[in-house]
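Take a look at the letters that make up each chain.
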Amino acid sequence: MFKRTIIASAVLLATSTAWAASTGNQAEVTQAQFSSGNLAYIQQVEESTANKAAIYQQGSDNLASTEQRNTGASTADIKQAGGQNEGEVLQQGVTNKSTATIDTSGELNKASITQQYYNGEATARVSQLGDGNDARIKQDDGDRANSVIEQQADGNSAQINNYWSDYASATITQSGEGGHIADVDQRESDGAVASVAQEGGNNTALVAQRTSNFGYGANEGTSAVVKQSGNDNTAEVTQLGLANVATVEQSGTAGSVTAQQSGATAGQGNNLLAKQAGSGETALLTQTGSRNQIDSEQRGSEDLLTITQNGNDNIAKAKQSGTGETAVVTQLGNGNQTDTNQQGVGNTAQVTQNGNNNQAVVDQLTSSVDGSVTIDQLGSDNYANAVQQAGRGNTIDIDQNGTGNQVASARDGEGKGAWTWGSNNELTVAQKGADNWAYADASHSDSVVSVTQDGKLNNAKVESYLGSENTLTVSQFGEKHVANVYVNGGMGGGNNEVDVAQTDSLNTANVTVYGSDNMAYVYQGSGSN
């Protein structure tokens, strides 16, 4: 037998059989001092306003529940310290501007707040410190509703659900070395804001904002922010419709980011930034419509980044440093642009652009080894630039199709467009169409440069500096092409080979070779050599 102390259990209603309106009621339950097996329940109902309910429990097998129905501008407060804690607040009906708070400290905590139906500007807060935490907040039909869950360490799990609550704000904070999982779901909540921050531990954060409107034409600036620091990170952000913004930052260890942004109207802007620092990272980022932009950074080893953009003013940037990285960027349609930066060993970058004002720049920085760059552009005003600096065993492959395409240092510039510096590198450029420009350079030894142009009025410039055993090939099919090839073996350099083939009429070839034991071959005429 244990001593049970229930100081008060209050149900505040009118005395008539049909419950009448009541206002300004106050109920307080305190269970403390040698408490054991506690249970407290407060109920305030029926067209009431400015009611207050408070439950205070200290120690042992706590259970607290408060129910307020049709009670606008009311307050429910539950405090529990120690024991098997469980707290529940239900505010239902016309409960606009109501506030619900659950504050729990220690042991097997669970907390649940539900604010439902006509809950404009309602506030829900759960604060739990230590042990088996679980917290849930649900807000339905509550424009400008505010929900906050704060849990310190141990077995944390948190969930916030804002439904049909325009301009709702959701915040989850779970801290050091807990087993965090956080779930924020905001459906049909225009302009809703979500933020999850989790410090070190077994982090997982899932945020979904899918606003199909339901009638409030909000000038929304939808946003989802997830920050996780340390350990087994996973973050998944899904935003569908209207002016999405998403920011994900994860630092350390096994991170993974999956973010999806879809068709936007109103403010028209997708925007996404994801950063990871650690090892074993993966980021899959997808954007579909309107003013898309992705900016992502990964620092670690065995990273993988995939960016897919579909339509309108797409920009994608990616930065990776480490070992074994992979970046795949696919852009289809409208004002596409890519800027990919990699530094390390075994990096792979692949850029595919389909239509309109495409631009692709890939830079594999100092000491890139066994790197690979593939750029495939089809249609419209393509421009490509790829650089591999001071490495070896690297490959660049650029394929362009159309008119006025450029492989150069800058759009409408004439600097080096495809450039490798080091040994055993391979550089290939293929252009099909008219009035194309390619400038390719391989410096040092045992490298291969190949430029192929099919069409007319194309221009190729190929160079090799300070090395031996390099092979440079220019193949131009059609008329009115220009090929300029320059080789300077430098001190002790030689055994370089130049091969230029031009078919059809009115072509020009200029070949200059410095060094020893070099070979130059130029073929001009119809057919093949």
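These figures come from a predicted structure and were not determined experimentally.

Moving on, we come to the confidence of the model for the protein. Per-residue pLDDT for the protein averages 85, and the proportion of residues at 70 or more is 92%. Considering only residues more than four positions removed or in separate chains, one finds that residues 1-20, a stretch of pLDDT under 50, has 34 contacts.

In this section: the side chain of Q198. If you trace the backbone, Q198 turns up in strand 18 (residues 193-198). A polar side-chain atom of Q198 sits 2.5 Å from a polar atom in the side chain of Q174. Discounting chain neighbours no more than four positions away, the residues touching Q198 are Q174, H180, I181, A182, N203, T204, A205, K227, Q228 and S229.

Counting residues in hydrophobic clusters, the biggest one holds 75 residues, and the most contacted among them are L285, I375 and I398. Those residues in contact with I375, other than ones at most four positions away along the chain, are V351, A360, V362, A384, N385, A386, D397, I398 and D399. Core analysis: the second largest hydrophobic core is formed by 5 residues, V361, Y383, A408 and W437 among them.

Okay, unusual backbone geometry next. Positive phi is not limited to glycine here, since Y117 has a value of about 70°. Mapped onto the fold, Y117 is located in the loop between strand 11 (111-116) and strand 12 (123-129). By relative accessible area, Y117 is classed as partly exposed at 41%. We note that E177 has phi near 60°; this positive angle belongs to a residue other than glycine. Take E177: it is sitting in the loop between strand 16 (169-174) and strand 17 (182-187). Judged by relative accessible area, which is 59%, E177 ranks as exposed.

Turning to the pattern of salt bridges, a few remarks are in order. Overall, the coordinates contain 7 salt bridges when judged by the stated rule. For D77, the salt bridge is made with K79, and the minimal N-O distance between the two is 3.1 Å. D77 sits in the buried class, given a relative accessible area of 16%. For the salt bridge of K416 with D441, the shortest nitrogen-to-oxygen distance reads 3.6 Å. Placement of K416 in the loop between strand 36 (406-407) and strand 37 (418-423) and of D441 in strand 39 (residues 437-443) is noted, with a sequence separation of 25 residues between them. Taking relative accessible area as the criterion, D441 reaches 0% and is therefore assigned buried.

So, about the environment of K275. Along the chain, K275 turns up in strand 24 (residues 272-277). With near-sequence residues (within four places) excluded, K275 lies in contact with V248, E249, Q250 and E297.

Burial along strand 18 is one-sided: A194, V196 and Q198 are buried, and none of V193, S195 and A197, which face the opposite way, are. Looking at chain direction, strand 16 and strand 18 are connected through 6 bridges and run parallel. Within strand 18, the position partnered with T173 by the bridge is A197. As judged from the 6 bridges shared by strand 18 and strand 20 (residues 223-229), these two strands associate in the parallel manner. Considered in strand 20, the bridge of V196 is made with V226.

What follows is about a nonpolar patch on the surface. On the surface, a cluster of nonpolar side chains totalling about 330 Å² of accessible area is made up of V94, Y117 and Y118. For V94, the position within the fold is in the loop between strand 9 (87-92) and strand 10 (99-105).

Any two aromatic rings considered together are summarised by their centre-to-centre distance and by the angle between their planes. Scanning the model with the defined rule gives 3 aromatic pairs in all. Arranged with centres 6.4 Å apart and planes meeting at 75°, the rings of W419 and W421 form a pair that is edge-to-face. On the basis of relative accessibility, which here comes to 23%, the residue W419 falls in the partly exposed class. An aromatic cluster is defined as three or more aromatic residues linked by ring pairs; in this entry it consists of Y465, Y486 and Y514.

Right, let's talk about the side chain of N51 for a bit. Structurally, N51 can be placed in the loop between strand 4 (48-49) and strand 5 (52-58). What makes N51 buried here is its relative accessible area of 0%. A polar side-chain atom of N51 sits 3.4 Å from the main-chain amide nitrogen of G24.

Right, let's get into the environment of V451. By secondary structure assignment, the location of V451 is in strand 40 (residues 448-456). Residue V451 is classed as buried on the basis of its relative accessible area of 0%. Distance in space between the C-alpha atoms of V451 and S475 is 6.3 Å, their sequence separation being 24 residues.

The sheet contact formed by strand 11 and strand 13 (residues 135-140) spans 6 bridges and is parallel. Following the sheet pairing, S112 is matched in strand 13 by R136. Examined bridge by bridge, strand 13 and strand 15 (residues 158-163) share 6 bridges and lie parallel to one another. Within the sheet, the bridge partner assigned to K138 lies in strand 15 and is N161.

Thresholds applied
Residues numbered from 1 in each chain as written. Predicted model: local features only at pLDDT ≥ 70, side-chain atom pairs only at ≥ 80, totals over all residues. Heavy atoms only, no water. pLDDT = per-residue confidence, 0-100. Contact = heavy atoms within 4.5 Å. Helix = DSSP H or I, 4+ residues; strand = E, 2+ residues; numbered from the N terminus. Polar contact = N/O pair within 3.5 Å; in protein donor to acceptor, adjacent residues only side chain to side chain. Core = buried A, V, L, I, M, F, W, Y, C linked by side-chain atoms within 4.5 Å. Buried < 20%, exposed > 50% of the residue type's maximum accessible area, 1.4 Å probe, protein only. Salt bridge = Lys/Arg side-chain N within 4 Å of Asp/Glu carboxyl O. Pairing = 2+ DSSP bridges. Patch = residues over 30% accessible without salt bridge, like charges linked within 9 Å, V, L, I, M, F, W, Y side chains within 5 Å. Areas by Shrake-Rupley, 256 points an atom, 1.4 Å probe, with all protein chains shown as cover. Phe/Tyr/Trp six-rings, centres within 6.5 Å; stacked < 30°, edge-to-face > 60°.

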